[in-house]
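What follows is each chain in one-letter form.
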Amino acid sequence: MMKTTSVHGMWSSRLMFVMAATGSAVGLGNIWRFPYITSENGGGAFVLVYLACIALIGLPVLFAEIVIGRRGRMSPINSLKELATSAGASTAWSGIGWMGIIAGFLVLSFYSVVAGWTLSYGFDYLQQLAFGAPAITDPGAHFGALLADPARLIFWHAVFMILTMGVVALGVEEGLERAVSILMPMLFVLLLILLGYGMSTGHFQEAVGFLFSPDWSRVDGSMIVTAMGQAFFTLSLGMCAIMTYGAYLPSHVNVPATGVTVALADTAVALVAGLAIFPIVLSFGLDPEGGGAGFIFTALPLAFNSMPFGIAYGMAFFLLLSVAAWTSSISLLEPPTAYFVESTDMSRKTIALLVAAATWLMGLASVFSLNIWSQVTIGGRDIMGAIEFLAADIMLPVGGLLIALFAGWVLSTSITREELDEKMPSWAFQLWLWLTRVVAPLAILLVLGGILGLF
Ligand code: TRP
């Protein structure tokens, strides 16, 4: 039987789903992670590989997640179990949902720490604006001091986790729909202003060259893994977050058009962020390949110091970036919450609290890896880097691979066709089907197999 609604609530319109899914997709991944890993991977060639991953792997998997979620109408674990059963396949497929919960737990643990940095910066600028606190004249030292201070990191990490928990505890319709539809467009406007500033620095051409002219000698296995991981991370794919949002999507909404809108919006934000940030980096004589997780936190304050109204602007920028992170983190907490609401007697509030508390505790590992445990390394990465790598670059693609196989081979084409769009031209459906059945899984396998040294 096909269900038309979910017990957790429904998006009130197509636009609200687009807002929520875009809110999930657009976040620190676009504005913090994309610039810093692009920098570390030498620019152009990385960006092109990343764009190819979005188109050939990301989009088909995005459609697949929405289709599975909407057909199942429950949390990922239960949707997968039910759809597998009615297709006569093994219920072991629900393991995708369990893996997604673990991946989401790991992603949110460090994501919340970084979101804490942005809150802390927003607060710094607020203090400058309101109480005349001294400007950030040495951004490197300022950032270093933040990382060296576990108490401050833990405080902001906690504030952010409480904000995330609050919305998920209330259920998604009330707070989230409203926040997303006002604040995300504001962030985009701020990014465009920053882009204007970047263009005025006289280094715009150079930045465009760095971002888009490929140096193919930079391409190697680890770079491709990073680009693919980023494609999953930025579109919120591979851990069933979009699947969960799909479960709340009304049946009449056209999935392909909606999915393409979300992916285009997300990609546009990342590219605009890159085009805004690299001219600034170049104009202050910083190394565009200097990278590192502090990339925007050390480069942007330089621009804010020399822009008109830079302090107010800096405050608005970091606060809106925190909001973008917030609308993303909600989608990381919602899948486990929905699952435990379905399978236990506890209330949504209690569950949100428990999951958030556990994730917050896990986040302490990332906090301490920035200071007291900074000497500890796992496979050549510090603890936070190792968690980021394992969750984003390995677990998300593996999740995406299994999701694609499930949607492509386990679900019947009559189901996927009906969910995608009955009026979709046949060639477009076939294109999606074979990208999902063969191209995306094979590409993921090749890339991951390469990095694991299998061939
Ligand atoms: N896409 C978000 C960003 O770019 C982060 C995010 C939200 C995410 N939900 C996710 C990443 C699910 C992976 C999986 O900031």
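Scroll up to find the structure this text is about.
Residues numbered from 1 in each chain as written. Predicted model: local features only at pLDDT ≥ 70, side-chain atom pairs only at ≥ 80, totals over all residues. Heavy atoms only, no water.

1. Let's talk about helix 1 (residues 14-25)
Given a rise of 1.5 Å per residue, 12 residues ought to cover 16 Å, and the 16 Å separating the end C-alpha atoms of helix 1 matches this to within 8%. With 10 of its 12 residues buried, helix 1 lies for the most part within the structure. Listed as buried for helix 1 are Met 16, Phe 17, Val 18, Met 19, Ala 20, Ala 21, Thr 22, Gly 23, Ser 24 and Ala 25. (Helix = DSSP H or I, 4+ residues; strand = E, 2+ residues; numbered from the N terminus. Expected span 1.5 Å × (residues − 1). Buried < 20%, exposed > 50% of the residue type's maximum accessible area, 1.4 Å probe, protein only.)

2. A word on the packing of aromatic side chains
For the structure shown, the criterion picks out 29 aromatic pairs. Centre to centre, the rings of Trp 117 and Phe 143 are 5.2 Å apart; their planes meet at 85 degrees, and the pair counts as edge-to-face. Within this pair, whereas Trp 117 is found in helix 5 (residues 95-131), its partner Phe 143 is found in helix 6 (residues 139-147), the two being separated by 26 residues in sequence. Each member of the pair Trp 117 and Phe 143 is classed as buried. With centroids separated by 5.9 Å and ring planes inclined at 15 degrees, the aromatic side chains of Phe 297 and Phe 318 adopt a geometry described as stacked. Note that Phe 297 is positioned in helix 13 (residues 295-306) and Phe 318 in helix 14 (residues 310-343), a separation of 21 residues in sequence. Among the residues examined, Phe 297 registers a relative accessible area of 0% and is labelled buried. Residue Phe 318 is classed as buried on the basis of its relative accessible area, which comes to 0%. Through successive ring pairs, a cluster of aromatic residues spans Trp 32, Tyr 36, Trp 117, Tyr 121, Tyr 125, Phe 143, Phe 297, Phe 304, Tyr 313, Phe 317 and Phe 318. Looking at Arg 381, its charged tip hangs above the ring of Phe 389, at a distance of 3.8 Å from the centre. (Phe/Tyr/Trp six-rings, centres within 6.5 Å; stacked < 30°, edge-to-face > 60°. Lys NZ or Arg CZ within 6 Å of the ring centre and 35° of its normal.)

3. Description of the nonpolar core
Formed by 158 residues in total, the largest nonpolar core has its most connected members in Trp 117 and Phe 317. Ranked by the residues each element gives to this core, the list is headed by helix 3 (residues 44-72), at 15 residues. In contact with Phe 317, other than residues within four places in its own chain, are Ile 31, Leu 187, Leu 190, Leu 191, Leu 194, Leu 300 and Phe 304. (Core = buried A, V, L, I, M, F, W, Y, C linked by side-chain atoms within 4.5 Å. Contact = heavy atoms within 4.5 Å.)

4. Topic: the packing of helix 3 against helix 12 (residues 255-283)
In the contact formed by helix 3 and helix 12, the axes pass within 10 Å of each other and the chain directions differ by 145 degrees. Crossing handedness for the pair helix 3 and helix 12: right-handed. Judged by residue contacts, Val 47, Tyr 50, Leu 51, Ile 54, Leu 59, Leu 62, Phe 63, Ile 66 and Arg 70 of helix 3 engage Val 255, Pro 256, Gly 259, Val 260, Ala 263, Thr 267, Ala 270 and Leu 271 from helix 12. Within the contact of helix 3 with helix 12, the residues separate by chemical class into 14 nonpolar, 2 polar and 1 charged. (Axes fitted to C-alpha atoms, helices over the stretch in contact; angles between N-to-C directions. Left-handed = near helix turned anticlockwise from the far one by under 90°. Nonpolar A, V, L, I, M, F, W, Y, C, P; charged D, E, K, R; others polar.)

5. A word on the packing of helix 2 (residues 28-40) against helix 10 (residues 221-234)
The N-to-C vectors of helix 2 and helix 10 enclose an angle of 175 degrees; their axes lie 11 Å apart at closest approach. Between helix 2 and helix 10, the crossing angle belongs to the class labelled roughly antiparallel. Judged by residue contacts, Gly 29, Asn 30, Arg 33, Phe 34 and Ile 37 of helix 2 engage Thr 226, Gly 229, Gln 230, Phe 233 and Thr 234 from helix 10. When the residues that make up the contact of helix 2 with helix 10 are grouped by side-chain class, the tally is 3 nonpolar, 6 polar and 1 charged. (Parallel < 35°, antiparallel > 145°, perpendicular 65-115°, else oblique.)

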